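Commentary on secondary and tertiary structure
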Amino acid sequence: MDAGTSWTTRPYHRSWLINKADALFNLFQSSALNPRGGFYDLDAAGRPFGTVRHIHATARMVHCFAIGAKLGRPGAEDVVDHGMRYLWESLRDPVHGGYCWSRDDDGFVDDSKQAYGHAFVLLAAADATLLGHPMAEALLTDITDVLETRFWEKAHGASSEEYARNWSTISDYRGQNSNMHLTEALMAAFEATSDKAYLDKAKSIAHLIISRHAADLDYVVGEHFDSSWNLDRTYRGSDMFRPAGTTPGHALEWSRLIAQLWVLDGYQEGRFIEAAGKLFRAAVTLGWDHTAGGFYYTLDFDNRPAIAHKLWWSAAEAIAAAAFLHALKPDPFYESWYRKVWNFTATNFIDPSNGGWFPELGDGLRPIDRFFTGKPDLYHALQACLIPLHPAKGSLMKVVGT
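Now for a description of the structure that goes with this document. As the structure is a computational prediction, the values presented were derived from the model and not from experiment. (Residues numbered from 1 in each chain as written. Predicted model: local features only at pLDDT ≥ 70, side-chain atom pairs only at ≥ 80, totals over all residues. Heavy atoms only, no water.)

The subject of this paragraph is the pairing of strand β13 (residues 305–311). Bridge analysis of strand β12 (residues 296–299) against β13 gives three bridges, and the strand direction is antiparallel. Bridged to Tyr296 within β13 is Lys310. Linking β12 to β13, which pair antiparallel, is a turn of five residues; within it Asn303 sits at a positive phi near 65°. By the bridge criterion, two bridges tie β13 to strand β14 (residues 360–361) in an arrangement that is antiparallel. The residue bridging Leu311 from the neighbouring strand is Glu360, located in β14. (Pairing = 2+ DSSP bridges. Helix = DSSP H or I, 4+ residues; strand = E, 2+ residues; numbered from the N terminus.)

The following block contains the structure:
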């Protein structure tokens, strides 16, 4: 391998990344807007279907098109506005406060209050703040208050997980996934406001989940915990959001996020950037299928494949992490993995006929729909295309256009 020049510096590769990002923007901007509010899901052919709108998908569309607006994409601000209105006017609970998981044209479908969804509302609010959106201040103030008063557990320095619509407790479960995305959103809120309280919370979560728990597992990320934040090795929840065992893709996602946290914190905590490297190396060593290629979706606690399907988002997070880490700590190891995962992704995940990415691959690397139907939202794939194009100095919303 010619590792002397990073792909991310080569004009052709950079143009290729922009073209792939544009293809994703084009697909969702043309097909996903629901005239009755929120966004459609897209089927395998890229056509709109269904009536249920989920909070995380709505907020992630705001996030992605806020990035598009900062890039100068025509029409992106209209998509942001469309999503912001749906978050505030339709997914926000006007009776009990907070934000419900999903609704259709007739009302709430799942009215639970999930930390995972609230994390993405914070991300959308932070992005809208950087854009100067007129609804941003109200949304950011409201979601910050909800997270502080309903979810944040100061004794543990992390978020609780889930409540019924009236804020009665659903379970004692605590999850790293929601806290990982809350870390992402807290960093974005810090970038948007310079309020250090957001950054302090992000650091607190990272210390708990990575410095404490992942370090105890040789930088494999534990997923499921009880209310005292003891690892629950027997937990088995939803295969989509809470699969049993460990998930290499989350270690890859954390490796980028904790490196970003190191940057935003002024490069002070060396253990953050050290942990980022260890997380990445453990994930690619244990999680990559060295025969067929791709990352296993989940592993058991002996680091053997549990769900061997390959999901698009794990590959996307590996690409983003490899680019971000290589920019901070240049290393042929990161460059080689950046190229390896893009080679696999370009061949197997990107749909040349209908646009978008196939969400999952089964036996023989054939597209299947065990967990997902149609085209997943553009959040992971878009960031894989855009993060390598920009300086490793913060989130895309912060660095685009600077």
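Another aspect to go through is unusual backbone geometry. The backbone of Tyr267 sits at a positive phi, close to 60°, despite the residue not being glycine. Residue class for Tyr267 comes out partly exposed when judged on its relative accessible area of 44%. (Buried < 20%, exposed > 50% of the residue type's maximum accessible area, 1.4 Å probe, protein only.)

Let us now look at the pattern of salt bridges. With the rule as written, the count across this model stands at 26 salt bridges. We note a salt bridge from Asp93 to Lys113, for which the minimum N-O separation is 3.0 Å. Within this pair, whereas Asp93 is found in the loop between α3 (76–91) and β4 (102–104), its partner Lys113 is found in strand β6 (residues 113–114), the two being separated by 20 residues in sequence. Connected through salt bridges with shared partners, the residues Lys203, Asp265, Glu269 and Arg271 form a single ionic network. (Salt bridge = Lys/Arg side-chain N within 4 Å of Asp/Glu carboxyl O.)

Okay, the environment of Pro359 next. Relative to the helices and strands, Pro359 is located in the loop between α11 (332–348) and β14. Not counting chain neighbours up to four residues away, the residues in contact with Pro359 comprise Lys310, Leu311, Trp312, Phe349, Phe372, Gly374 and Pro376. (Contact = heavy atoms within 4.5 Å.)

Quick look at the sheet that holds β13 now. Within the open sheet, the three strands sit side by side as β12-β13-β14. Their pairing is antiparallel. Two strands in the sheet have a free side with no partner beyond their single neighbour: β12 and β14.

In contact at an axis separation of 8 Å, helix α4 (residues 115–131) and helix α6 (residues 176–193) are set at 15° when each is read in the N-to-C sense. Considered as vectors, α4 and α6 are oriented roughly parallel to each other. Here the hand of the crossing between α4 and α6 comes out left-handed. On the side of α4, the interface is formed by Ala115, Tyr116, Ala119, Phe120, Leu122, Leu123, Ala126, Thr129 and Leu130, while α6 contributes Asn177, Ser178, His181, Leu182, Glu184, Ala185, Leu186, Ala188, Ala189, Glu191 and Ala192. (Axes fitted to C-alpha atoms, helices over the stretch in contact; angles between N-to-C directions. Parallel < 35°, antiparallel > 145°, perpendicular 65-115°, else oblique. Left-handed = near helix turned anticlockwise from the far one by under 90°.)

Note that all results are geometric; they support no functional claim without further evidence.
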